[in-house]
Amino acid sequence: MSEIQDRIKLESSWKNELREEFEKEYMQQLRAFLIQEKEKRKKIYPTGKEIFNALNLTPFNQVKVIILGQDPYHGPNQAHGLCFSVKTGVPQPPSLKNIFQEIQSDLGLQPPNHGCLIHWSQQGVLLLNSVLTVEASRAGSHQGKGWEIFTDKIIEILNNKKTGLVFLLWGSYAQKKGQFIDQKKHLVLTSPHPSPLSAHRGFFGNRQFSNTNLYLNKQLKQEIEWLVPSI
């Protein structure tokens, strides 16, 4: 293992799958960009130890469901490496409120009093943003720097090496990123994004949470407990 790979704090099964990516030129350029931004004293979210949280909390061999997001929240104390999720004690963002509203409509489960989705991650739901970092107060500021190549590779590996996964692709961005998923091997569920701008155009009523569990059940896999416990 190279020195670079050895420094990466990444769950072992994912490190095994992705080790070659950390040696590639795009990743070296991305690393240099992030170092440069920090040297300029720019605030980057999430913190360094949380960047790979989605992978660290959901090992490769435990992935059952993938939810694709775009880039991290850019407000204080929000982002912690899981798409749509925020740290406990932080108000639920509008899209997450709509996700909980659909779960309540679909499954009759009461929304929690917080917005932390680690409970899902620990059951095999990979909460993967396309871009894993962002500058504070500047939405999308780290797009096109290399993260998309890295997360495309994650999707490619999951698509090729696993069967019977569920991909939840909300909105055109996620659907474009997931367009190469083999639908003969996996279940791909699409809908408008849960943002208040689009949720009423088909996210509400999509029943994707119950349909995910129906599919997992047919695959003889443990269903996801979508009820996030309140604290």
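The paragraphs below set out a description of the structure included in this document. Because the structure is a prediction, the values reported are computed rather than measured. (Residues numbered from 1 in each chain as written. Predicted model: local features only at pLDDT ≥ 70, side-chain atom pairs only at ≥ 80, totals over all residues. Heavy atoms only, no water.)

1. Some words on the overall build of the protein chain
Using the following cut-off: Helix and strand assignments follow DSSP, with helices taken as H or I runs no shorter than four residues and strands as E runs no shorter than two, numbered in order from the N terminus. Our radius of gyration looks at C-alpha atoms and nothing else; its globule reference is 2.2 Å times the residue count to the power 0.38. Accessibility here uses a 1.4 Å probe with only protein chains present; expressed as a share of the type maximum, an area under 20% marks a residue as buried, one over 50% as exposed, and anything in between as partly exposed. For this analysis, residues touch if any pair of their heavy atoms sits within 4.5 Å. Each accessible area is a Shrake-Rupley result for a 1.4 Å probe, and residues are judged covered by the shown protein chains and nothing else. Counted as positive: Lys and Arg. Counted as negative: Asp and Glu. His and the chain ends are not counted at all. Charged groups are reduced to one reference atom each: NZ for lysine, CZ for arginine, CG for aspartic acid, CD for glutamic acid.
Scanning the protein chain for helices and strands turns up 9 helices and 6 strands. Radius of gyration (C-alpha) of the protein chain: 17 Å, near the 17 Å computed for a compact globule of 231 residues. The burial tally for the protein chain puts 55% of its 231 residues in the buried class. Here the analysis covers contacts within the protein chain between residues at least 6 apart in sequence; of these, 67% occur between residues at least 24 apart. Put simply, the protein chain shows about 11300 Å² of open surface, and 49% of that area lies on carbon and sulfur atoms. In the protein chain, 28 side chains carry a positive charge and 21 a negative one; their mean positions are 2 Å apart.

2. Quick look at the pattern of salt bridges
Under the convention used in this document: Salt bridge, as applied in this entry: a Lys or Arg side-chain nitrogen positioned within 4 Å of an Asp or Glu carboxyl oxygen.
For the coordinates displayed, the defined rule picks out 10 salt bridges. A salt bridge links E50 to K87; the nearest nitrogen and oxygen atoms lie 3.5 Å apart. Highlighted residues: E50 in the loop between β1 (44-45) and α4 (53-57) and K87 in the loop between β2 (65-69) and α5 (94-107), separated in sequence by 37 residues. Residue classification places K87 among the partly exposed residues on the basis of a relative accessible area of 26%.

3. A word on the packing of aromatic side chains
Here is the rule: A pair of Phe, Tyr and Trp rings is counted when the ring centres sit within 6.5 Å of each other, with Trp represented by its six-membered ring. The angle between the planes then sorts it: under 30 degrees is stacked, over 60 is edge-to-face, the rest tilted.
With the rule as written, the count across this model stands at 14 aromatic pairs. Centre to centre, the rings of F22 and F52 are 6.1 Å apart; their planes meet at 80°, and the pair counts as edge-to-face. Remark: F52 occurs in the loop between β1 and α4 and F22 occurs in the loop between α2 (12-18) and α3 (25-39); sequence separation between them is 30 residues. Residues F22 and F52 agree in their burial class; the two are buried. Taken together, a centroid distance of 4.9 Å and an interplanar angle of 90° make the contact between W120 and W226 edge-to-face. In this pair, W120 is assigned in helix α6 (residues 118-121) and W226 in the segment after α9 (208-218), connecting sequence segments 106 residues apart. Residue classification places W120 among the buried positions, given a relative accessible area of 1%.

4. Brief notes about the sheet that holds strand β5 (residues 166-170)
So the rule is basically this: Here, a strand pair is defined by DSSP locating no fewer than two bridges between the strands. To obtain each axis, a line is fitted to C-alpha atoms, and for helices this fit is confined to the stretch in contact; angles are then taken between N-to-C directions over 0 to 180 degrees.
What the 4 strands build is an open sheet, ordered β3-β2-β5-β6; its pairing is parallel. Of all strands in the sheet, those with a lone pairing partner are β3 (125-129) and β6 (187-191), marking the two edges. Neighbour-to-neighbour, the strand axes of the sheet open up by a mean angle of 20°, direction not taken into account. As paired strands, β5 and β6 are joined by 5 bridges and run parallel to one another. Bridging across to β6, L169 finds its partner in T190.

5. Focus: the environment of L189
Topologically, L189 is positioned in strand β6. L189 sits 23 residues away from V166 along the chain, and the two C-alpha atoms are 7.4 Å apart. Excluding anything up to four places from it in sequence, L189 contacts V166, F167, L168, L169, Q208, N211 and T212.

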